[in-house]
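Residues per chain, in single letters:
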Amino acid sequence: LEKFRGVIPAFYACYDEQGNVSEEATKELGNHLYNKKVKGLYVGGSSGECIYQTLEERKETLRIVAENLRGKLTLIAHVGAPSTRDSVILAQYAAELGYDALSAIPPIYFKLPENSVYNYWSKIMDATDLPFIIYNIPQTTGFDLSISLLQKLRNNPKVIGVKNSSMPVMDIERFKAAAGENFIVFNGPDEQFVAGRLIGADGAIGGTYGVMPELFLYADEFVKTNDFVHAREIQTKINDIIISLCSLEGSMYAAIKAILALQGVSIGGVREPLENIHEGDLEAIHQIKNQIDEA
Ligand code: NAY
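**Let's talk about the layout of surface pockets**
Size it by volume and the largest pocket reaches roughly 750 Å³. Contributing to the lining of the largest pocket are 32 residues, with Ser46, Tyr135, Ile137, Thr140 and Tyr253 lying nearest its centre. Every element with two or more residues in the lining of the largest pocket is listed here: helix H5 (138–141), strand S8 (203–206) and helix H11 (252–262). Considering each element in turn, the lining of the largest pocket owes the most residues, three residues, to H5. Of the residues in the lining of the largest pocket, the class split is 16 nonpolar, 12 polar and four charged.

**Overview of unusual backbone geometry**
Omega for the bond connecting Glu272 with Pro273 falls within 30 degrees of zero, at 15°, which places this linkage in the cis form. Looking at the element boundaries, Pro273 is found in the loop between H11 and helix H12 (282–294). A positive phi angle, close to 55°, is found at Glu49, a residue other than glycine. Its relative accessible area of 1% is what places Glu49 among the buried residues. The phi dihedral of Asn226 falls on the positive side, at around 60°, and the residue is not glycine. Along the polypeptide, Asn226 turns up in the loop between helix H9 (213–224) and helix H10 (228–245). Given the relative accessible area of 55%, Asn226 is considered exposed.

**Section: the site of the ligand**
For the ligand, the set of nearby residues contains 18 residues, the closest of which are Ser47, Tyr135, Lys163, Glu191 and Gly207. Here Ser46 contributes a backbone N or O atom positioned 3.0 Å from an oxygen atom of the ligand. Between the ligand and Lys163 there is a distance of 2.4 Å, counted from an oxygen atom to a side-chain nitrogen or oxygen. Considering the ligand on its own, with 480 Å² of exposed area, one finds that the protein chains cover 87% of that surface. Taken atom by atom, the bulk of the ligand overlaps the largest pocket.

**So, the packing of aromatic side chains**
The tally for this structure, following the rule as stated, stands at eight aromatic pairs. A ring pair is formed by Trp121 and Phe143, whose centres lie 6.3 Å apart and whose planes are at 80°; its orientation type is edge-to-face. Residue Trp121 is found in helix H4 (residues 114–126), and its partner Phe143 is found in the loop between H5 and helix H6 (147–154); the two are separated by 22 residues along the sequence. The buried category is assigned to Trp121, whose relative accessible area is 1%. A residue is classified by how much of its surface remains accessible, and Phe143, at 11% relative accessible area, is buried. Ring pairing ties together the aromatic residues Trp121, Phe132 and Phe143, which thus form one cluster. Here the guanidinium or amino end of Lys152 rests over the ring plane of Tyr118, the centre of that ring lying 4.0 Å away.

**Points about the nonpolar core**
Judged by nonpolar contacts, the single largest core of 79 residues is most densely connected at Leu41, Tyr99 and Trp121. Per-element accounting of this core gives the leading share, seven residues, to H11. Leaving out residues up to four positions away in the same chain, Tyr99 has contacts with Val43, Thr61, Leu62, Val65, Ala66, Leu75, Ile76, Ala77, Ala94 and Leu130.

**Topic: helix H3 (residues 84–97)**
Compared with an ideal rise of 1.5 Å per residue, which puts 14 residues at 20 Å, H3 spans 20 Å between its outermost C-alpha atoms and is within 8% of the ideal. Listed in full, the buried residues belonging to H3 are Ser87, Val88, Leu90, Ala91, Tyr93, Ala94 and Leu97. Tucked into the core, H3 has its buried residues touching helix H2 (55–69), strand S3 (74–78), strand S4 (101–104) and H4. Once H3 finishes, Gly98 follows within two positions and takes phi at roughly 90°, a positive value.

**A look at the side chain of Asp202**
Along the chain, Asp202 falls in the loop between helix H8 (193–198) and S8. Within the structure, the side chain of Asp202 is placed 3.1 Å from the side chain of Arg5, a separation counted as a polar contact. In this structure the side chain of Asp202 is engaged in a polar contact, spanning 2.8 Å, whose partner is the backbone nitrogen of Val185. For Asp202, the residues in contact, after removing those within four places along its chain, are Arg5, Gly6, Lys176, Phe183, Ile184, Val185 and Arg197.

About the thresholds
- Residues numbered from 1 in each chain as written.
- Predicted model: local features only at pLDDT ≥ 70, side-chain atom pairs only at ≥ 80, totals over all residues.
- Heavy atoms only, no water.
- 1 Å grid on protein atoms, 1.4 Å probe; cavity = no way out; pocket = protein on both sides within 12 Å on 5 of 7 lines; lining within 4 Å.
- Points joined across faces, edges and corners; volume = space filled by probe spheres on them.
- Helix = DSSP H or I, 4+ residues; strand = E, 2+ residues; numbered from the N terminus.
- Nonpolar A, V, L, I, M, F, W, Y, C, P; charged D, E, K, R; others polar.
- Buried < 20%, exposed > 50% of the residue type's maximum accessible area, 1.4 Å probe, protein only.
- Near = heavy atom within 4 Å.
- Polar contact = N/O pair within 3.5 Å; in protein donor to acceptor, adjacent residues only side chain to side chain.
- Areas by Shrake-Rupley, 256 points an atom, 1.4 Å probe, with all protein chains shown as cover.
- Sits in = over half its atoms within 2 Å of the grid points.
- Phe/Tyr/Trp six-rings, centres within 6.5 Å; stacked < 30°, edge-to-face > 60°.
- Lys NZ or Arg CZ within 6 Å of the ring centre and 35° of its normal.
- Core = buried A, V, L, I, M, F, W, Y, C linked by side-chain atoms within 4.5 Å.
- Contact = heavy atoms within 4.5 Å.
- Expected span 1.5 Å × (residues − 1).

Next comes the structure, spelled out in structure tokens:
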């Protein structure tokens, strides 16, 4: 499980000027993050705007990233889709492409009982030989992973971890305690990266890493060397930046992409209904870029 321990940016959706998935931009962002020495990539999750993409677009992104970076970075494919059938199609495709692991949110829209969620995740796992990482993100899905469901899923040896994006850091500690040895818990909320690592997260996957990978890599090093004073200092800088990113007319991902463009990596805008950058955001975008440079 060593290959999952580390800083793993959630990969952004990469579009051309018409808003279509761009092969060139996808490669460019992948190479950029590879050069920053991140551990891996989480492809096609929330930050990948998976919920607003067609099955074909999601396959396209999975393919481009894998062809470009498999063997160089740990690649996790997020395959959660509204139906079990589409999720299984994506899972099988990711396995063919050589991904290291699969991951999925619980099913969204209908409020389904735990048993349906169990069956959904199990069918994805049955579809390939790949290990599986549960994605718990109750604030967007409305489904909170219970300890008993985790323990039931844990009977399947393919379940190797949880990416936990719920806000209480205690959940990370509880999931670790419940799951036992040989299990990876990933910190989800970037605002609590240091706290999550301290309470036991083995690795971390996040939506803002891509625009400031160095800060998370440094924070991770400080945690590893027990230098909590410096780790906390970086966390404060990260949180100031995240608050700035979330304070514009445009959505957080639109702000991130605009800053990436200033950093020399152009991956387009966001897909509606996510809000794109407004004229009035431009000055703040430059300021946030400086804020990142100075951190
Ligand atoms: C993914 O699947 O893209 C992620 O891992 C993103 C997780 C993010 N949560 C949400 C709700 O988007 O990283 C967080 C988030 O961007 C960060 O904490 C800033 O709020």
